[in-house]
Amino acid sequence: MASLGSLVLRLICIAFLVGLGFAADPYANFDLELSYITLSPLGVPQEVIAVNGKFPGPILNVTTNYNVVVNVKNKLEENLLLTWPGVQMRRDSWESGVLGTNCPIPPKWNWTYQFQVKDQIGSFFYYPSLNLQRAAGGFGSFIITNRDIIPIPFNTPDGDIVIMIGDWYTRNHTALRTDLDNGKDLGMPDGVLINGKGPYRYNTTLVPDGIEYETINVDPGKTYRIRVHNVGISTCLNFRVQSHNLLLAETEGFYTSQQNYSSLDVHVGQSYSFLVTMDQNASSDYYIVASARFVNQSVWQRVTGVAVLHYSNSKGKASGPLPDPPNDVYDTSFAMNQAMSIRQNVSASGARPNPQGSFHYGSINVTNVYMLRSLPPVLIDGKLRATYNGISFANPDTPIRLADKNNVKGAYKLDYPSKPMAGPPHMDRSIINATYKGFIEIILQNNDTVPQSFHMDGYSFFVVGMAYGEWTENNRGSYNKWDAVSRSTVQVFPGGWTAVLVSLDNPGAWNLRTENQDRWYLGQETYMRIVNPKEDGTTELAAPDNVLYCGALAHLQKPQKTSSSASTVSGRSNLYNALLMAVSSVILIISEVYS
């Protein structure tokens, strides 16, 4: 019997140790249902995309290294994918949520995303990636908080506030899509929403009566972390809070050198965290403003979002003129200098104990250089299209890695040009054949007429330089090789360039795109395919058990079964339970043998 007790004790210890290993990385489970509802954010009834009946959708709050399980139910009338820009999906581009990595979720179906937020912290958001659906909503904030053992580089704020800003049209996304398909520009937006609501009536001429506006309630003397996301379609917005300084603390997962701004330009797809102290006398409420940038202000006056900052001891309503935006009509360098003033806090710990500056990117040899040049949309085969390097991307019928794993030939081409092509623009399925563990330089040359936001899935990159004019090799001498901010979405000014450096340590297929939704819809994107030639299952995860099939593999797709989120999760999440069940079964068997 002593041997039985010893054996059982050993098995219990094994189960306990296994449990400890899995307990270190807990699971966070969410159910998201996307459906249409009718709202009037700018006073005109229209169809918007709600998440769990809310617009914007719920905040998803997790902690570093959590395993995130999101069951998405598609109650729309068209295909759906959710994407998670800035969340790196380490080793797992299967969960990225764009057409080059995932087959779409059909109407009335549900599908479960499962990914780990490995070694990440910060402010992000999710949104529907197909068919200009973000123009109708479907977005929400995604926050990754630090583990308790990792200190944050500022005092713990008294509260956490999310503010989602974005340009907005009263035409629904299908009408906007039709305009683009017919070769039309979307034109000036009808307004700017703050947390899904229209502007406070600061001006009786510009803002009609009866518009519901957002109110942010605060207490005097307290400091709040305010996370700002530009979830709009194509408009850069200047964000400011009347009479309050914005102390910049974090952008898209990396802590920044802390410095005060009276206002900051937030380009499409970007996210920032500010520390804002409520240090005013509260003689009245204060304006929170998001106004259009790089446009004719006198024409675009209506394209201004206004919310109210309300102190608990406020003595009256906000009134009077709005705080001024930057006055840089004759100073084209102001916005660029502001962008380059955002630096990484190299001494702070991010998701891990080691300082953010411990990766000395400036001393690593570049293995490959790519230039991506954007131009104004052009006609290709009679259709208006947008391009990088003269190529307007045509999404593959079969996602890239799914095609690889199932030996589908001809799904895409590995011949993307490393610099702009000569000759007429054309449509193609060309993607970049990148080298695993390479260290690359990407120069983004914007010869379009509007500011663009460049985004790269699966990675963050170091923003080492930007300027006006055509990039040349001599510009490398001006690169910031010490404390460039690391982020996943960066602005590229019209008539200018931005240069980034990135270490390719995350295998998979990753989308490179403009976050300007109209240009993206028109084909301004490509993918970077990164494969470890010695892949043994440790650097890239296999396709999840619940992978969807389409294109050349559509015949493999089984009909959707009605199920709960627990039953649609891929097999990866069941390992711990399986191990415990196995250990328990062995204990029972041995107990019966010795009884």
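This text follows the structure it describes.
Residues numbered from 1 in each chain as written. Predicted model: local features only at pLDDT ≥ 70, side-chain atom pairs only at ≥ 80, totals over all residues. Heavy atoms only, no water.

### Comments concerning the sheet that holds strand β3 (residues 60-63)
The cut-off we apply is this: Here a strand pair is declared whenever DSSP counts at least two bridges between the two strands. Each helix is a run of H or I in the DSSP string that is no shorter than four residues. Each strand is a run of E no shorter than two, and both are numbered from the N terminus.
The four strands lie next to each other as β3-β8-β7-β5, forming an open sheet whose pairing is mixed. Whereas interior strands pair on both sides, the edge strands pair on one side only; in this sheet they are β3 and β5 (82-83). Sheet topology note: the β3/strand β8 (residues 140-145) ladder contains four bridges and is parallel. The partner of asparagine 61 across the bridge, within β8, is isoleucine 143.

### Considering the environment of arginine 529
Threshold: Categorising residues by exposure relies on relative accessible area from a 1.4 Å probe, with only protein chains included: less than 20% of the type maximum marks a residue as buried, more than 50% marks it as exposed, and the intermediate range marks it as partly exposed. Each polar contact in these results corresponds to two N or O atoms within 3.5 Å; when the atoms are within protein, one needs to be able to donate a hydrogen and the other to accept it, and residues that are neighboring in sequence are counted only if both atoms are side-chain atoms.
Following the sequence through the fold, arginine 529 ends up in strand β33 (residues 525-531). Of the residues examined, arginine 529 reaches a relative accessible area of 15% and is grouped as buried. The sequence separation of arginine 529 and alanine 509 amounts to 20 residues, and the corresponding C-alpha distance is 4.5 Å. Reaching out from arginine 529, the side chain makes a polar contact with the side chain of aspartate 404 at a distance of 2.9 Å.

### Digging into the packing of aromatic side chains
Quick note on the threshold: Centres within 6.5 Å are what make two rings of Phe, Tyr or Trp a pair, Trp counting through its six-membered ring; a difference in plane orientation under 30 degrees is then read as stacked, over 60 as edge-to-face, and the rest as tilted.
Applying the stated criterion across every chain, the model contains 23 aromatic pairs. When the ring of tyrosine 459 is compared with that of tryptophan 510, the centres are 6.4 Å apart and the planes differ by 80°; the resulting orientation is edge-to-face. With a gap of 51 residues between them, tyrosine 459 in the loop between β27 (452-456) and β28 (461-468) and tryptophan 510 in strand β32 (residues 508-514) connect regions that are remote in the sequence. By relative accessible area, tyrosine 459 is classed as buried at 3%.

### Some details on the sheet that holds strand β17 (residues 271-277)
Threshold: For helices, the fitted line uses only the C-alpha atoms of the stretch in contact; every axis is such a line through C-alpha atoms, and the angle between N-to-C directions lies from 0 to 180 degrees.
Spatial ordering of the open sheet is given by β10-β9-β12-β17-β14-β15, a layout of six strands whose pairing is mixed. Each having just a single partner strand, β10 (191-194) and β15 (254-261) make up the two edges of the open sheet. Neighbour to neighbour, the strand axes of the sheet diverge by 25° on average, direction disregarded. Relative to β10, strand β9 (residues 159-168) is paired through four bridges, and the arrangement is antiparallel.

### What to know about the environment of arginine 240
Convention followed: Between two residues, a contact is recorded if the distance between any of their heavy atoms is within 4.5 Å.
Inspection of the secondary structure puts arginine 240 in strand β13 (residues 237-241). As a C-alpha pair, arginine 240 and aspartate 265 span 25 residues in sequence and 9.0 Å in three-dimensional space. With sequence-adjacent residues up to four places away left out, arginine 240 is seen in contact with Leu246, Ser262, Ser263, Tyr287, Ile288, Val289, Ser291, Pro323, Asp324 and Pro325. Of the polar contacts made by the side chain of arginine 240, one reaches the side chain of serine 291; its length is 2.9 Å. For arginine 240, the side chain forms a polar contact with the main-chain oxygen of aspartate 324, separated by 3.5 Å.

### Quick look at the environment of isoleucine 163
Within the secondary structure layout, isoleucine 163 lies in strand β9. Considering only alpha carbons, one finds isoleucine 163 and asparagine 230, 67 residues apart in sequence, at a separation of 8.8 Å. Residues contacting isoleucine 163, with those up to four places away along its chain left out, are Ile194, Asn195, Ile216, Ile226, Arg227, Val228, His229, Phe239 and Ile288.

From the geometry alone we can't say anything about function, so treat these as descriptive.
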